[in-house]
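Architecture and fold: a report
Spelled out from the first residue to the last, the chains are:
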Amino acid sequence: MINMLFTGVPANIMALAGLVFAFIMTCLLLAKCNDRLPKDQGREFAVNGALSAGKPRGAGFIFILVFIVSIVLFCELNTEIIIYLVLLAAAMMTGFLDDCSRAPWGELKKGLLDFAIAVMVAITFLNFNSNVVEFAIFGGSITIPPVIFGILTVVLVWVSINVTNCSDGVDGLSGTLTIITLISLYMVDQIKGMDPVFSHTILLFVICILAYLWFNATPSKLMMGDAGSRAMGFFISIAALKTGSPFIYIPVAILDGGLGLLKVSLLRFLKIRILVNTRTPLHDHVRKVMGWSNTQAVFRFAIIQIMISAAVIYLIM
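If you're wondering where the values come from, they're calculated on a predicted model, not measured in any experiment. (Residues numbered from 1 in each chain as written. Predicted model: local features only at pLDDT ≥ 70, side-chain atom pairs only at ≥ 80, totals over all residues. Heavy atoms only, no water.)

**A short note on the pattern of salt bridges**
With the rule as written, the count across this model stands at six salt bridges. When the shortest N-O distance is used, the salt bridge between Lys110 and Asp98 registers 3.4 Å. Here Asp98 lies in helix α3 (residues 79-100) and Lys110 lies in helix α4 (residues 107-128), a separation of 12 residues in the sequence. Residue Lys110 shares its accessibility class with Asp98, and that shared class is buried. Of the charged contacts, one joins Lys110 and Asp226 as a salt bridge, the two residues approaching to 3.9 Å between their closest N and O atoms. Of this pair, Lys110 sits in helix α4 while Asp226 sits in helix α8 (residues 225-242), and the two are 116 residues apart along the sequence. What makes Asp226 buried here is its relative accessible area of 14%. (Salt bridge = Lys/Arg side-chain N within 4 Å of Asp/Glu carboxyl O. Helix = DSSP H or I, 4+ residues; strand = E, 2+ residues; numbered from the N terminus. Buried < 20%, exposed > 50% of the residue type's maximum accessible area, 1.4 Å probe, protein only.)

What follows is the structure in structure tokens.
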């Protein structure tokens, strides 16, 4: 299925027009509609959480919708991408409804919704893609039985949604790290010659986040909320799967939030305590214990992630 709105327009012009449209529309809508977003109530246990009280949150609702519209208008569409867009909208809406709720949704409710979305991703991906996993860094590949591949895909999507959500707590941090991750996955796609249609969707997603960061840079005027963080985590998992080397997610996407999720999971399910003297997510530890400012946290985490991603890309080339 191909977008027929601009038949005859060169593909590179369409791609450029889509990027410009996505940036301008995200900026305009965030500027004009931010007063209609729910207001943050401040997070009781987060470092400097009270400073966010009263700011508009749920901006992810806007930039995710702009992303979806941009895909529909300016990209080639196929059944697989359409399903992913529907599931992305679902991930965004579960977060946005939580952002709008006076009482935060419980972990069980959100976990079950994440699980349902992850199962749909696994079914969709296996229907349209191979269950062969390549080891991009070390070389070689392995064919994983479909059932096992599906289970691993569910785990990847669920983990990615929650890791990205955990890293959201400092102005500009989660969006910046997501951009670095997605650009890294885009470069892997280019090196491996993967699907160019989906690769372009990665650039569109990055552009929408860049427009959001225009308003979220310290001191922020608004926040993405769960509507943005959960959707970003969802999209990162799809981008990792589409590289054909989903294990690449581990080095390019788990900084900050991943360690906190691991710590909580080990304690809750296996009663194993790790990093007892380290606050998680790590952005709380470096600000509370090490005295980093918000700006230092964003820049230093970004530098670390860029170094890791650059090393991964170098090893793949």
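Back to the write-up after that little detour.
**Considering the state of the cysteines**
Under the criterion given, the structure shown has zero disulfides. Considering cysteine sulfurs only, Cys27 is the nearest to Cys208, which forms no disulfide, with 9.6 Å between them. (Disulfide = S-S within 2.5 Å.)

**Let's talk about a nonpolar patch on the surface**
Taken together, the side chains of Phe135, Phe138, Ile142, Val147, Ile148, Ile151, Leu152, Val155, Phe247, Ile250 and Ile254 define a hydrophobic patch exposed on the protein surface, amounting to about 1000 Å² of accessible area. The biggest single contributor to the nonpolar patch is helix α5 (residues 146-166), with five residues. (Patch = residues over 30% accessible without salt bridge, like charges linked within 9 Å, V, L, I, M, F, W, Y side chains within 5 Å. Areas by Shrake-Rupley, 256 points an atom, 1.4 Å probe, with all protein chains shown as cover.)

**Quick look at the environment of Leu156**
Mapped onto the secondary structure, Leu156 falls in helix α5. Exposure remark for Leu156: the relative accessible area of 11% places this residue in the buried category. C-alpha separation for the pair Leu156 and Ile250, spaced 94 residues apart in sequence, amounts to 9.7 Å. Residues within four places of Leu156 in sequence aside, it is in contact with Ser237, Leu241, Pro246 and Tyr249. (Contact = heavy atoms within 4.5 Å.)

**Quick look at helix α1 (residues 11-33)**
Taking 1.5 Å as the rise per residue, α1 with 23 residues should run 33 Å; its terminal C-alpha atoms sit 32 Å apart, in good agreement. Every buried residue of α1 is listed here: Met14, Gly18, Leu19, Ala22, Thr26, Cys27 and Leu30. Turning to α1, the residues buried within the fold contact α2 (60-74) and α7 (196-216). (Expected span 1.5 Å × (residues − 1).)

**With respect to the side chain of Thr26**
Residue placement: Thr26 occurs in helix α1. Since its relative accessible area comes to 0%, Thr26 is described here as buried. Residues within four places of Thr26 in sequence aside, it is in contact with Phe63, Val66, Cys208, Ala211 and Tyr212.

**Some points on the packing of α2 against α8**
Axis separation between α2 and α8 bottoms out at 7 Å; the angle between their running directions is 40°. Our classification of the angle between α2 and α8 gives oblique. Contact with α2, carried on its side by Gly60, Phe61, Phe63, Ile64 and Phe67, involves Ala227, Gly228, Ala231, Met232 and Phe235 of α8 and no other residues of that element. Its residues assigned to classes, the contact of α2 with α8 shows eight nonpolar, two polar and no charged. (Axes fitted to C-alpha atoms, helices over the stretch in contact; angles between N-to-C directions. Parallel < 35°, antiparallel > 145°, perpendicular 65-115°, else oblique. Nonpolar A, V, L, I, M, F, W, Y, C, P; charged D, E, K, R; others polar.)

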